[in-house]
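Residue-level listing of the chains:
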Amino acid sequence: MAWPRSPQDGRVSVRRTIDLPEAHRLPDKLRTNLRLVFVGTAASTRSAELGHYYAHPGNRFWRAIHEAGITPRRYQPSEFAALIELGIGFTDLSKSGAGMDHQIAAETIDVAGFRAKMETYRPRTIAFTSKKAASLFYGRPSTAIALGRQVRDASLPEIFVLPSPSGAASGHWTIEPWRELSEWINAPSASHPQTSS
């Protein structure tokens with residue numbers, strides 16, 4: 001097998017993308033009218049291997065949703081499916097790639113498919129679990145996206161952008177946007193404007 005070479009210096013250029021067989025993809029956990037859907041860029045390698053969202057031991061996701069007040073206790077990654085009973089679902093923009101965000105092949109990102117899922121299932125709130133996922137959705141650079149609740153688009157559910165819980169993103173971590181999300185989803189529904197059908 002010939003490796004692609006950089007025309008400038010002849011060095012081998014390797015882009016590590018992990019595309020797993022269908023059986024190893026992390027399945028969506030969605031149903032209609034959820035109060036919240038967490039959206040990542042793609043499954044981590046560990047999550048894809050285990051079949052559980054946010055499964056890497058260094059990932060802060062499960063601790064953050066408990067500490068922020070989104071869940072009544074600290075769940076384990078293997079319990080992700082149980083959160084559907086709390087009105088919480090899961091999906092990713094790439095359902096066939098796995099790895100760190102920079103390892104995900106652009107052609108595996110399916111924003112149109114994600115939008116179609118949200119139109120079908122109509123959750124009240126979407127929370128992107130990284131600025132990278134949000135930037136792919138919005139088609140803007142990550143630097144142009146603020147954390148927290150986003151400006152309302154009447155055609156979409158409420159959208160929040162959260163700092164990545166990945167251990168690799170430790171330098172950008174703050175729990176505050178997660179708390180803001182918790183306050184929003186736990187507020188009496190009468191205080192939330194109705195979305196049009």
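Refer to the preceding data block for the structure.
Note that the coordinates shown come from a computational prediction; the quantities given were computed from them, not determined experimentally.

Caption draft 1: The environment of threonine 32, seen in detail. Residue placement: threonine 32 occurs in the loop between strand 1 (18-19) and strand 2 (36-40). Measuring from C-alpha to C-alpha, the distance between threonine 32 and arginine 122 comes to 6.0 Å, with 90 residues separating the pair along the chain. Beyond its immediate chain neighbours, meaning those up to four positions away, threonine 32 contacts Thr120 and Tyr121.

Caption draft 2: Representation of the sheet that holds strand 5 (residues 125-128) in the model. In spatial order, the strands read 3-2-5-7-6; together these five strands make up an open sheet with mixed pairing. Because the sheet does not close on itself, it has two edges, and the strands there are strand 3 (88-92) and strand 6 (148-149). In this structure, strand 6 lies alongside strand 7 (residues 158-161), joined through two bridges in antiparallel fashion. When the sheet's bridge partners are listed, arginine 149 is paired in strand 7 with phenylalanine 160.

Caption draft 3: Representation of the packing of aromatic side chains within the structure. Inspection of every chain in the model, using the stated rule, returns 19 aromatic pairs. Ring geometry for phenylalanine 61 against tryptophan 62: centres 4.8 Å apart, planes inclined by 85 degrees, an arrangement best described as edge-to-face. Given a relative accessible area of 4%, tryptophan 62 falls into the buried group. Through a chain of ring-to-ring contacts, three or more aromatic side chains come together here, namely Phe38, Tyr53, Tyr54, Phe61, Trp62, Phe80, Phe90, Trp173 and Trp178. The side chain of arginine 73 reaches across the aromatic face of tyrosine 75, ending 3.9 Å from its centre. If you follow arginine 149 out to its NZ or CZ, it ends over the ring of tryptophan 184, 4.1 Å from the centre.

Caption draft 4: How the structure looks around the pairing of strand 7. Here strand 7 shows no split at all, with Glu158 and Phe160 on one side and Ile159 and Val161 on the other all buried. As paired strands, strand 5 and strand 7 are joined by four bridges and run parallel to one another. Across the sheet, threonine 125 pairs through a bridge with glutamate 158, a residue of strand 7.

Caption draft 5: A look at the pairing of strand 5. Here strand 5 shows a buried face lined by Thr125 and Ala127 and a second buried face lined by Ile126 and Phe128. Here strand 2 runs beside strand 5; their pairing, made up of three bridges, is parallel. What sits directly across from phenylalanine 38, in strand 5, is alanine 127.

Caption draft 6: Structural context of the environment of glycine 97. By secondary structure assignment, the location of glycine 97 is in strand 4 (residues 97-98). For the pair glycine 97 and threonine 108, spaced eleven residues apart in the sequence, the C-alpha separation amounts to 6.2 Å.

Caption draft 7: Local environment of helix 5 (residues 176-186). Turning to helix 5, its buried residues number three or more, namely Pro177, Trp178, Leu181, Ser182, Trp184 and Ile185. Burial along helix 5 is one-sided: seen end-on, the buried residues are contained in an arc of 165 degrees. Buried residues along helix 5 sit against strand 2, helix 2 (61-67), strand 5, strand 6 and strand 7.

Caption draft 8: Summary view of the environment of serine 164. Residue position: serine 164 is located in the loop between strand 7 and helix 5. Once the C-alpha coordinates of serine 164 and lysine 132 are considered, the two residues, 32 residues apart in sequence, prove to be 8.6 Å apart. At a separation of 3.2 Å, a polar atom in the side chain of serine 164 contacts the main-chain amide nitrogen of serine 166.

Caption draft 9: Structural detail: helix 3 (residues 111-121). Regarding helix 3, the residues found buried are Val111, Gly113, Phe114, Lys117 and Met118. Down the axis of helix 3, the sector holding all buried residues measures 160 degrees, keeping them to one side. Away from the buried face of helix 3 by more than 90 degrees, exposed residues Ala112, Glu119 and Thr120 are located. Elements in contact with the buried residues of helix 3: strand 2, strand 3, strand 5 and helix 4 (131-138). Looking one or two residues beyond helix 3, the residue adopting positive phi is arginine 122, at roughly 45 degrees.

Caption draft 10: Examining the nonpolar core more closely. Ranked by internal contacts, the top residues of the largest apolar core, which has 27 residues, are Phe38, Trp62, Ile70, Phe90, Trp178 and Leu181. Looking at this core, the elements with two or more residues in it are strand 2, helix 2, strand 3 and helix 5. Ala42, Phe114, Met118 and Ile159 belong to the second largest nonpolar core, which has 21 residues in total.

What counts as what
Residues numbered from 1 in each chain as written. Predicted model: local features only at pLDDT ≥ 70, side-chain atom pairs only at ≥ 80, totals over all residues. Heavy atoms only, no water. Helix = DSSP H or I, 4+ residues; strand = E, 2+ residues; numbered from the N terminus. Contact = heavy atoms within 4.5 Å. Pairing = 2+ DSSP bridges. Phe/Tyr/Trp six-rings, centres within 6.5 Å; stacked < 30°, edge-to-face > 60°. Buried < 20%, exposed > 50% of the residue type's maximum accessible area, 1.4 Å probe, protein only. Lys NZ or Arg CZ within 6 Å of the ring centre and 35° of its normal. Arc of directions from axis to C-beta. Polar contact = N/O pair within 3.5 Å; in protein donor to acceptor, adjacent residues only side chain to side chain. Core = buried A, V, L, I, M, F, W, Y, C linked by side-chain atoms within 4.5 Å.

Geometric descriptors of this kind do not, in isolation, establish any biological role.
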